[in-house]
Amino acid sequence: RGLMFPLALEGALKLKEISYIHAEAYASGELKHGPIALIDKHVPVVVMAPRDALFEKTTSNMQEVIARGGRVLLVTDPPGAAEAAGDAWITLTLPQVEPGLTPILYALPAQLLAYHTAVAKGTDVDQPRNLAKSVTVE
């Protein structure tokens, strides 16, 4: 939700580009409009949830995922971790920053997740297949 939604889109795109894993980003408020049907114990879900005005709504959706057996990797700040980390499969705690800076900070673990996933799979992260810079393609 909010500033984290475009970041989720970018994280999913990076997973697809370099690890060749299908990833889908959606605003947490859209969970019950389809994506929840895909959740089971084999589906990891990355939740980007700094402790902000949308935190309670986002963690409520996180609880829906957990209730269906989904594994949640929660990316949050210290106040968010204190409130919701106990329910997550893995919690990554980032420093608390001004709200406008959260997408910059939270982009780092999103990109590193894609990178390390690709490396673990053995894909070439420096030359992903079938990709070209958009400025060179017309």
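Look a little higher up for the structure.
In short, a report on the structure. Quantities reported herein were computed from a predicted structural model and do not represent experimental measurements. (Residues numbered from 1 in each chain as written. Predicted model: local features only at pLDDT ≥ 70, side-chain atom pairs only at ≥ 80, totals over all residues. Heavy atoms only, no water.)

### Thoughts on the packing of aromatic side chains
The geometry of an aromatic ring pair is captured by the separation of the ring centres together with the interplanar angle, meaning the angle of the planes.
Part 1 of the reasoning: Taken as a whole, this structure holds zero aromatic pairs when the rule is applied.
Part 2 of the reasoning: Here the basic side chain of arginine 71 rests over the ring of tryptophan 89, its NZ or CZ set 4.6 Å away from the ring centre.
Part 3 of the reasoning: Over the aromatic face of tyrosine 20 sits the side chain of arginine 129, whose NZ or CZ is 3.7 Å from the ring centroid. (Phe/Tyr/Trp six-rings, centres within 6.5 Å; stacked < 30°, edge-to-face > 60°. Lys NZ or Arg CZ within 6 Å of the ring centre and 35° of its normal.)

### Notes on the nonpolar core
Part 1 of the reasoning: The biggest cluster of nonpolar side chains holds 13 residues, and the ones touching the most others in it are Val47, Met62, Val65, Val72 and Leu74.
Part 2 of the reasoning: Secondary structure elements with two or more residues in this core: β1 (44–48), α2 (55–67) and β2 (71–76).
Part 3 of the reasoning: Dropping the residues within four chain positions of it, valine 65 is found in contact with Leu31, Ile39, Val45, Gly70 and Val72. (Core = buried A, V, L, I, M, F, W, Y, C linked by side-chain atoms within 4.5 Å. Buried < 20%, exposed > 50% of the residue type's maximum accessible area, 1.4 Å probe, protein only. Helix = DSSP H or I, 4+ residues; strand = E, 2+ residues; numbered from the N terminus. Contact = heavy atoms within 4.5 Å.)

### Details of the environment of aspartate 87
Part 1 of the reasoning: Residue placement: aspartate 87 occurs in the loop between α3 (78–84) and β3 (90–93).
Part 2 of the reasoning: As for aspartate 87 and threonine 59, which are separated by 28 residues in sequence, their C-alpha atoms are 9.7 Å apart.
Part 3 of the reasoning: In contact with aspartate 87, not counting residues within four places along its chain, are Met62, Gln63 and Ile66.
Part 4 of the reasoning: A distance of 2.7 Å separates a polar atom in the side chain of aspartate 87 from a polar atom in the side chain of glutamine 63. (Polar contact = N/O pair within 3.5 Å; in protein donor to acceptor, adjacent residues only side chain to side chain.)

### Describing α2
Part 1 of the reasoning: Relative to the 18 Å expected for 13 residues at 1.5 Å per residue, α2 spans 18 Å between its end C-alpha atoms, a close match to the ideal helical length.
Part 2 of the reasoning: Within the sequence span of α2, burial applies to Phe55, Thr58, Thr59, Asn61, Met62 and Val65. Buried residues of α2, seen end-on, are gathered within an arc of 155° and therefore sit on one face of the element. More than 90 degrees from the buried face of α2, the exposed residues found are Glu56 and Ala67.
Part 3 of the reasoning: On its buried face, α2 sits against β1, β2 and α3.
Part 4 of the reasoning: Taken from the residues just after α2, glycine 69 is the one with a positive phi, measuring 90°. (Expected span 1.5 Å × (residues − 1). Arc of directions from axis to C-beta.)

### Here we look at the pairing of β2
Part 1 of the reasoning: By the criterion of burial, β2 is predominantly enclosed, with five of the six residues buried.
Part 2 of the reasoning: Sheet analysis places β1 next to β2, joined by five bridges and oriented parallel. Looking at the pairing, proline 44 lines up with arginine 71 of β2.
Part 3 of the reasoning: Remark: the β1/α2/β2 crossover connection has right-handed handedness.
Part 4 of the reasoning: Taken together, the four bridges between β2 and β3 define a ladder with parallel strand orientation. For threonine 76, the partnering residue across the bridge sits in β3 and is threonine 93.
Part 5 of the reasoning: The handedness of the β2 to β3 crossover, carried by α3, is right-handed. (Pairing = 2+ DSSP bridges. Right-handed = clockwise from strand over helix to strand, strands pointing away.)

From the geometry alone we can't say anything about function, so treat these as descriptive.
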